[in-house]
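Results of the structural survey
This is what each chain is made of:
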Amino acid sequence: MTRSSRAEGYLGGQVLIAMPSLQDPRFARAVICLCAHSPDGAMGIVLNKPLEGLSFDELLKQLGLEPVPPQRRIRLFQGGPVEGGRGFVLHTRDWSNDQSLPVADDLALTASVDILSAIAGGGGPRQGILALGYAGWGPGQLEDEIQANAWLSVTPDEALLFGEDGHGKWLQAMAKLKVDPALLSGAAGHA
């Protein structure tokens, strides 16, 4: 996504990286794809908290979707603390339906079971992850947290969004910024 295609001052389509000083256990070392950001608030999907105890095959069975076993699978993540029972697929935009939300030029978010059926059948988007729940911020809340030095942001790439190493994404995101986490301070540096 180019900077000019985003609303000025908003970070939709960017990846948020939790600063080491962020101690909230829900977001410590979190890497979040910011799917929407406007004056009304923000919504994102946590990219580095693999979901334990539920497989894609089991999810398809619970939803009554075919085929099981599927021809393709995607990884499942805990997308955030809000609406933990609701599923969202963050994916490349080579597949979409009328319920898909464009996130960036090459990225979309879909919350319908159509995409799960397409993936299980061997089609669907080239890349994607399924997240249960999301991270949400009210109006001005994310801006306040950024001002307080809780988050950094970086332009995502497919390796960061869809890469296999869910637990290593925080270090991968920091490396993308060319930042050594050991050198970061939680103190805001405002003049």
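Here the structure is a predicted model, which is why all the values come from computation and not from measurement.

Helices and strands together make up the secondary structure of the protein chain, namely five helices and nine strands. Starting at the N terminus and ending at the C terminus, the protein chain contains elements arranged as β-β-β-α-β-β-β-β-α-β-α-β-α-α. Computed over its C-alpha atoms, the radius of gyration of the protein chain comes to 17 Å, within 12% of the 16 Å expected for a compact globule of 191 residues. Each principal axis of the C-alpha atoms in the protein chain carries an extent, and together these give about 60 × 35 × 30 Å. Just so you have it, the protein chain exposes about 9300 Å², and 51% of that area is on carbon and sulfur atoms.

This paragraph deals with the packing of helix α1 (residues 56-63) against helix α2 (residues 113-120). Two measures define how a pair of helices packs: the angle their axes make with one another and the distance between the axes. Between α1 and α2, the shortest axis-to-axis distance is 12 Å and the interhelical angle comes to 125°. In terms of orientation, α1 lies oblique with respect to α2. Of the two elements, α1 crosses α2, and the hand of that crossing is left-handed. Contacts from Phe56, Leu59, Leu60 and Leu63 of α1 reach α2 at Val113, Leu116, Ile119 and Ala120. Residue composition of the contact of α1 with α2, by class: eight nonpolar, no polar and no charged.

The subject of this paragraph is α1. Side chains of residues three or four places apart in an α-helix project in the same direction, reflecting 3.6 residues per turn. Within α1, the full set of buried residues consists of Phe56, Asp57, Leu59 and Leu60. Angular distribution of buried residues about the axis of α1 spans 160°; they occupy a single face of the element. Every exposed residue of α1 that faces more than 90 degrees away from the buried side is listed here: Lys61 and Gln62. Buried residues along α1 sit against β4 (75-78), α2 and β8 (128-137). Looking one or two residues past α1, Gly64 carries a phi angle of roughly 70°, positive in sign.

What follows concerns the pattern of salt bridges. This model, assessed by the stated rule, comprises six salt bridges. Glu158 is the salt-bridge partner of Arg126, the closest N and O atoms lying 2.6 Å from each other. Separated by 32 residues along the polypeptide, Arg126 in the loop between α2 and β8 and Glu158 in helix α4 (residues 158-162) bring together distant segments of the chain. Owing to a relative accessible area of 48%, Arg126 belongs among the partly exposed residues under this scheme. Classification of Glu158 as partly exposed rests on a relative accessible area of 31%.

Residues Glu66 and Pro67 are joined by a peptide bond in cis, for which omega reads -5°. Structurally, Pro67 is set in the loop between α1 and β4. In this chain, Val68 is followed by Pro69 through a cis amide linkage whose omega measures 5°. Inspection of the secondary structure puts Pro69 in the loop between α1 and β4. For Lys178, which is not glycine, the phi torsion reads 60° and is therefore positive. Tracing the backbone through its elements, the reader meets Lys178 in the segment after α5 (169-176). Residue class for Lys178 comes out exposed when judged on its relative accessible area of 75%.

By the burial criterion, the buried members of α5 are Lys169, Trp170, Ala173 and Met174. Angularly, the buried residues of α5 cover 140° about the axis, an arc narrow enough to put them on a single face.

Another point: the confidence of the model for the protein chain. Of the residues in the protein chain, 92% have a pLDDT of 70 or more, and the chain-wide mean is 91. The model gives residues 1-6 a pLDDT under 50, and that stretch makes 11 contacts with residues more than four places away or in other chains.

Reading the values: rules and limits
- Residues numbered from 1 in each chain as written.
- Predicted model: local features only at pLDDT ≥ 70, side-chain atom pairs only at ≥ 80, totals over all residues.
- Heavy atoms only, no water.
- Helix = DSSP H or I, 4+ residues; strand = E, 2+ residues; numbered from the N terminus.
- Rg over C-alpha atoms; globule rule 2.2 N^0.38 Å.
- Areas by Shrake-Rupley, 256 points an atom, 1.4 Å probe, with all protein chains shown as cover.
- Axes fitted to C-alpha atoms, helices over the stretch in contact; angles between N-to-C directions.
- Parallel < 35°, antiparallel > 145°, perpendicular 65-115°, else oblique.
- Left-handed = near helix turned anticlockwise from the far one by under 90°.
- Contact = heavy atoms within 4.5 Å.
- Nonpolar A, V, L, I, M, F, W, Y, C, P; charged D, E, K, R; others polar.
- Buried < 20%, exposed > 50% of the residue type's maximum accessible area, 1.4 Å probe, protein only.
- Arc of directions from axis to C-beta.
- Salt bridge = Lys/Arg side-chain N within 4 Å of Asp/Glu carboxyl O.
- pLDDT = per-residue confidence, 0-100.

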